[in-house]
Amino acid sequence: MDRIAPENWYQTKKIDDDVTHICEPYIKEFYRCNIWHVRGSQSDLLVDSGMGVVSLTDWVSIVTEKDIAAVASHTHFDHIGCHHEFKHCIVHSAEADLLANPTRESTLVEPYVTDDIFTQLPPQPYVSETYAVKKTSQAEIVEDGHVIDLGNRQFEVIHTPGHSPGGIALFEHKTGILFSGDLHYDGLLIEDTYHSNPSDYQNSMKRLLELPVNIVHGGHFASFGADRHRSLIRNWLDSKNH
Ligand SMILES: [Zn+2]
Ligand SMILES: [Zn+2]
């Protein structure tokens, strides 16, 4: 399999004036995390940071323009690979230890990561057999209800355990933008990792159903609007109660 040059690893796409989608197109869609950048008047927000196989700060200039808060929606390998590059990281208390001391098992590198998750390999010296997420030495630990303030925009942290114990969603009341992590997206959901919890999952989904969302940017796959948000959750809840 060919290797991709680092300058071509990431793809960025502006969603609106202040929201940019960053992704790693040579990872197969199911494993490919959505990285979200939001520009604020005082500081910027990054939601997740990809696999970490190419430096985000070296190759994606938008993430270095301002002070930036790098949030971990949760600590699986596909979401926190570049967090160690950022001075200000944010993680929920239930996964703070995982961010500080990630292992191949705790971040789900085992059993997911092999060369088969790529259509083209990352640059040298990447090797799937020894790939691991680097430690993030210090992070701000947050709980449900914490507000991340970018100056002109505020995102409320909503604790959404279920996929993993410290999963968080971010909701901006003013615009109805929801970043939902891996709990809720428009594709096959993963409910059976070593630290998933079915009853937490249902409670978190019920909570997201109540939010007055306009657009949902998930941890994987395409974004969607309010109607799709409600029908995805209602169908999922129905499937659990039969
Ligand atoms: Zn995950
Ligand atoms: Zn994921």
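Structure first, text after, so check above.
Definitions and limits used
Residues numbered from 1 in each chain as written. Chains lettered and ligands numbered in written order. Predicted model: local features only at pLDDT ≥ 70, side-chain atom pairs only at ≥ 80, totals over all residues. Heavy atoms only, no water. Helix = DSSP H or I, 4+ residues; strand = E, 2+ residues; numbered from the N terminus. Expected span 1.5 Å × (residues − 1). Buried < 20%, exposed > 50% of the residue type's maximum accessible area, 1.4 Å probe, protein only. Arc of directions from axis to C-beta. 1 Å grid on protein atoms, 1.4 Å probe; cavity = no way out; pocket = protein on both sides within 12 Å on 5 of 7 lines; lining within 4 Å. Points joined across faces, edges and corners; volume = space filled by probe spheres on them. Nonpolar A, V, L, I, M, F, W, Y, C, P; charged D, E, K, R; others polar. Pairing = 2+ DSSP bridges. Donors = N, O, S within 2.8 Å, 3.2 Å for Na, K, Ca; no water. Tetrahedral: all angles 85-135°; square planar, octahedral: opposite > 155°, others 65-115°. Disulfide = S-S within 2.5 Å. Axes fitted to C-alpha atoms, helices over the stretch in contact; angles between N-to-C directions. Contact = heavy atoms within 4.5 Å. Polar contact = N/O pair within 3.5 Å; in protein donor to acceptor, adjacent residues only side chain to side chain.

Novice: Which parts of the structure should I look at to understand helix α6 (residues 226-240)?
Specialist: In this model, α6 (15 residues) spans 22 Å end to end at C-alpha, consistent with the 21 Å of a helix rising 1.5 Å per residue. Those residues of α6 that fall on the buried side of the exposure criterion are Ala226, His229, Leu232, Ile233, Trp236 and Leu237. All buried residues of α6 lie within an arc of 135° about the axis, which places them on one face of the element. Projecting away from the buried face of α6 at angles above 90 degrees are the exposed residues Asp227 and Asn235.

Novice: It is not clear to me how empty space enclosed by the protein should be interpreted in this structure. Could you clarify?
Specialist: The rolling of a water-molecule-sized probe over the atoms marks out the regions of remaining empty space. Considering all chains together, one arrives at three cavities of 30 Å³ or more under this definition. Empty space within the largest cavity amounts to approximately 140 Å³. Taken together, 14 residues make up the lining of the largest cavity; nearest its centre are Asp78, Tyr112, Asp182, Ile190 and His220. Tallied by class, residues from the lining of the largest cavity come to seven nonpolar, five polar and two charged. Around the second largest cavity, the lining residues are Ser73, His74, Thr160, His163, Ser164, Gly167, Ile168, Ser180, Gly181, Asp182 and Leu183.

Novice: For this particular structure, what's the right way to read the pairing of strand β12 (residues 215-218)?
Specialist: Every regular strand shows the same layout, with side chains that alternate between the two sheet faces. Pairing of strand β11 (residues 177-181) with β12 involves four bridges; the strand directions are parallel. Bridge pairing links leucine 178 to valine 216 in β12. Where β12 meets strand β13 (residues 224-225), two bridges bridge the pair, whose relative direction is antiparallel. Opposite isoleucine 215, over in β13, you have glycine 225 as the bridge partner. The hairpin turn running from β12 into β13, its antiparallel successor, is five residues long, and phenylalanine 221 in that turn takes a positive phi close to 65°.

Novice: Even after reading the chapter, I still don't get the coordination of the zinc ion (ligand 1), so can you show me in this structure?
Specialist: Six octahedrally arranged donors around a metal ideally form angles of 90 or 180 degrees; four tetrahedrally arranged donors ideally form angles of 109.5 degrees. Coordination of the zinc ion (ligand 1) by the protein is provided by His74 (NE2), His76 (ND1), His163 (NE2) and Asp182 (OD), with metal-donor distances spanning 2.1 to 2.3 Å. Considering all four donor atoms around the zinc ion (ligand 1), angles at the metal cover 89 to 171° and the coordination shape is irregular. For the pair the zinc ion (ligand 1) and the zinc ion (ligand 2), the metal-to-metal distance amounts to 3.6 Å, and aspartate 182 bridges them. Here histidine 76, found in the loop between β5 (68-71) and α2 (77-80), pairs with histidine 163, found in the loop between β9 (154-159) and β10 (168-172); they are 87 residues apart in sequence, far enough to count as distant.

Novice: Please explain the state of the cysteines as it appears in this structure.
Specialist: In protein chemistry, a disulfide is the covalent bond that joins the sulfur atoms of two cysteines. Tallied over the entire structure, the rule returns zero disulfides. We note that cysteine 82 lacks a disulfide partner, and the nearest cysteine sulfur, in cysteine 33, lies 10 Å from it. Of the cysteine sulfurs around cysteine 89, a residue in no disulfide, the closest is that of cysteine 82, at 11 Å. Owing to a relative accessible area of 1%, cysteine 89 belongs among the buried residues under this scheme.

Novice: Teacher, can you tell me more about the sheet that holds strand β7 (residues 140-142) here?
Specialist: In a beta sheet, neighbouring strands are held together by backbone hydrogen bonds and run either parallel or antiparallel to one another. Strand order in the open sheet formed by seven strands is β1-β2-β3-β4-β5-β6-β7, with mixed pairing between adjacent strands. The sheet is open, and its two edges are formed by β1 (11-14) and β7, each paired on a single side. Adjacent strand axes in the sheet meet at a mean angle of 25°, parallel and antiparallel pairs treated alike. Pairing geometry for strand β2 (residues 19-23) and strand β3 (residues 35-38), over four bridges, is antiparallel. In the sheet register, isoleucine 22 faces β3, and the bridge partner there is isoleucine 35.

Novice: Honestly, the sheet that holds β11 in this entry has me stumped. Any pointers?
Specialist: In spatial order, the strands read β8-β9-β10-β11-β12-β13; together these six strands make up an open sheet with mixed pairing. Only two strands of the sheet have a single partner each, and these edge strands are β8 (147-149) and β13. Sheet strands touched by helix α5 (residues 198-209): β9, β10 and β11. Its angle to β9, the strand with the most contacts, is close to 150°.

Novice: Help me understand the side chain of serine 55 in this model?
Specialist: Position of serine 55 among the secondary structure elements: in the loop between β4 (44-47) and α1 (56-59). With relative accessibility at 16%, the residue serine 55 sits in the buried group. A polar atom in the side chain of serine 55 sits 2.7 Å from the side chain of glutamate 85. The contact partners of serine 55, leaving out residues within four places of it in the chain, are Tyr10, Cys82 and Glu85.

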